[in-house]
Amino acid sequence: SSGINAEYGGFLFGLSPIIQTLTRSISDDTIYAMVSICLFTNFFLHDYSMTNGDYMSKCVSLNAAIFAAVCLASRLDDLNNVLGTIIIAVLTYGVIPPVRQKMAGSKLMPFWTIFLLVGSVYISYVSVPIVIIPLIISAVACLVIVPAFFVYLQKQKDNIYGPWDEAVLKDLGCKGTRDIYAE
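Computed from a prediction, not measured in an experiment: that's the story for all the values here. (Residues numbered from 1 in each chain as written. Predicted model: local features only at pLDDT ≥ 70, side-chain atom pairs only at ≥ 80, totals over all residues. Heavy atoms only, no water.)

Colleague: I'm lost on the packing of aromatic side chains in this one. Help?
Modeller: Two aromatic rings are characterised by how far apart their centres lie and by the angle between their planes. Overall, the coordinates contain three aromatic pairs when judged by the stated rule. Consider the rings of F40 and F44, whose centres lie 6.4 Å apart with planes at 20°: the pair is stacked. Of this pair, F40 and F44 both sit in helix α2 (residues 28-45), four residues apart, which is roughly one turn of that helix. Under the relative-accessibility criterion, F44 is labelled exposed at 62%. Relative to F44, the ring of F43 has its centre 5.2 Å away and its plane inclined at 75°; by these criteria the two rings are edge-to-face. Linked through ring pairs, F40, F43 and F44 together constitute an aromatic cluster. (Phe/Tyr/Trp six-rings, centres within 6.5 Å; stacked < 30°, edge-to-face > 60°. Helix = DSSP H or I, 4+ residues; strand = E, 2+ residues; numbered from the N terminus. Buried < 20%, exposed > 50% of the residue type's maximum accessible area, 1.4 Å probe, protein only.)

If you want it as structure tokens, here you go:
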């Protein structure tokens with residue numbers, strides 16, 4: 001396993017100079033527009049149900065995300081930054097979603113989520129310390145406040161019955177009729 005990882009990392013490191021100069025002749029606005037379209041495509045086609053859904057949309061979603069990362073990495077000046085961007089994109093879009101899918105419903109899922117949160121905070125602290133406060137606020141909002149609010153709102157839920165509901169057949173219990181469902 002570690003040999004495969006080393007080979008994969010070496011392959012990406014060898015491709016870093018090519019990726020770095022890949023879009024040099026394309027304007028920045030065009031690159032940012034392509035990245036935006038690709039990330040929206042990833043956002044809309046990603047399999048959020050964590051089931052084995054449509055295979056084609058998963059492939060398009062993953063390819064769009066990796067293409068966006070390659071386009072962004074091609075704008076960086078340092079080879080290590082290019083390599084890091086591609087590796088993080090592969091982990092974020094290619095490795096972590098299948099692992100989360102296999103862990104769905106597991107008792108380890110909360111620990112995995114906390115591990116990813118702590119890792120994100122640490123990486124942000126090392127690279128761009130100014131984003132730590134917004135990252136922590138958004139993580140607490142998404143992981144604690146919003147779910148707690150939904151649980152609270154569940155008590156307020158009220159079913160309203162009307163003509164828009166599906167028809168329900170009632171057994172009138174008429175004598176002399178036979179039960180058609182008993183057969």
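Colleague: What is the right way to read the layout of surface pockets from this model?
Modeller: It is the rolling of a water-molecule-sized probe over the atoms that shows where space remains empty. Estimates place the volume of the largest pocket at around 1600 Å³. Surrounding the largest pocket, 42 residues form its lining, L91, T92, Y93, I96 and P97 being those nearest its centre. Where the lining of the largest pocket is concerned, the elements lending two or more residues are α2, α3 (55-73), α4 (79-103), α5 (109-127) and α6 (132-154). At twelve residues, α4 tops the list of elements feeding residues into the lining of the largest pocket. Taken together, the residues that form the lining of the largest pocket break down as 26 nonpolar, 13 polar and three charged. (1 Å grid on protein atoms, 1.4 Å probe; cavity = no way out; pocket = protein on both sides within 12 Å on 5 of 7 lines; lining within 4 Å. Points joined across faces, edges and corners; volume = space filled by probe spheres on them. Nonpolar A, V, L, I, M, F, W, Y, C, P; charged D, E, K, R; others polar.)

Colleague: Mind showing me how you'd approach the packing of α4 against α5 here?
Modeller: Between two packed helices, the angle of one axis relative to the other and the distance separating the axes together describe the packing. With their axes 10 Å apart at the nearest point, α4 and α5 run at an angle of 155° to one another. By the angle between their directions, the pair α4 and α5 is classed as roughly antiparallel. α4 and α5 meet at a crossing whose hand is left-handed. Note on element contacts: α5 touches α4 through M109, W112, T113 and L116, opposite I96, V99, R100 and M103. Looking at the contact of α4 with α5 residue by residue, the classes come out as six nonpolar, one polar and one charged. (Axes fitted to C-alpha atoms, helices over the stretch in contact; angles between N-to-C directions. Parallel < 35°, antiparallel > 145°, perpendicular 65-115°, else oblique. Left-handed = near helix turned anticlockwise from the far one by under 90°. Contact = heavy atoms within 4.5 Å.)

Colleague: Help me out: how do you make sense of the confidence of the model for the protein chain in this one?
Modeller: Low pLDDT marks stretches whose predicted atomic positions should not be read closely. Scored by pLDDT, the protein chain comes out at a mean of 82, with 85% of its residues at no less than 70. Between the elements of the protein chain, mean pLDDT differs from a low of 80, seen in helix α1 (residues 2-20), to a high of 92, seen in α2. (pLDDT = per-residue confidence, 0-100.)

Colleague: Where do I start with the nonpolar core in this structure?
Modeller: Most often, soluble globular proteins keep nonpolar side chains buried together rather than apart. Counting eight residues, the largest nonpolar core is built from L12, I19, V70, A73, V82, L83, I86 and V90. Elements with a contribution of two residues or more to this core: α1, α3 and α4. A per-element tally of this core places α4 first, with four residues. Those residues in contact with L12 that sit more than four places away from it in its chain are L83, I86 and I87. Core analysis: the second largest hydrophobic core is formed by six residues, I31, V35, A68 and C71 among them. (Core = buried A, V, L, I, M, F, W, Y, C linked by side-chain atoms within 4.5 Å.)

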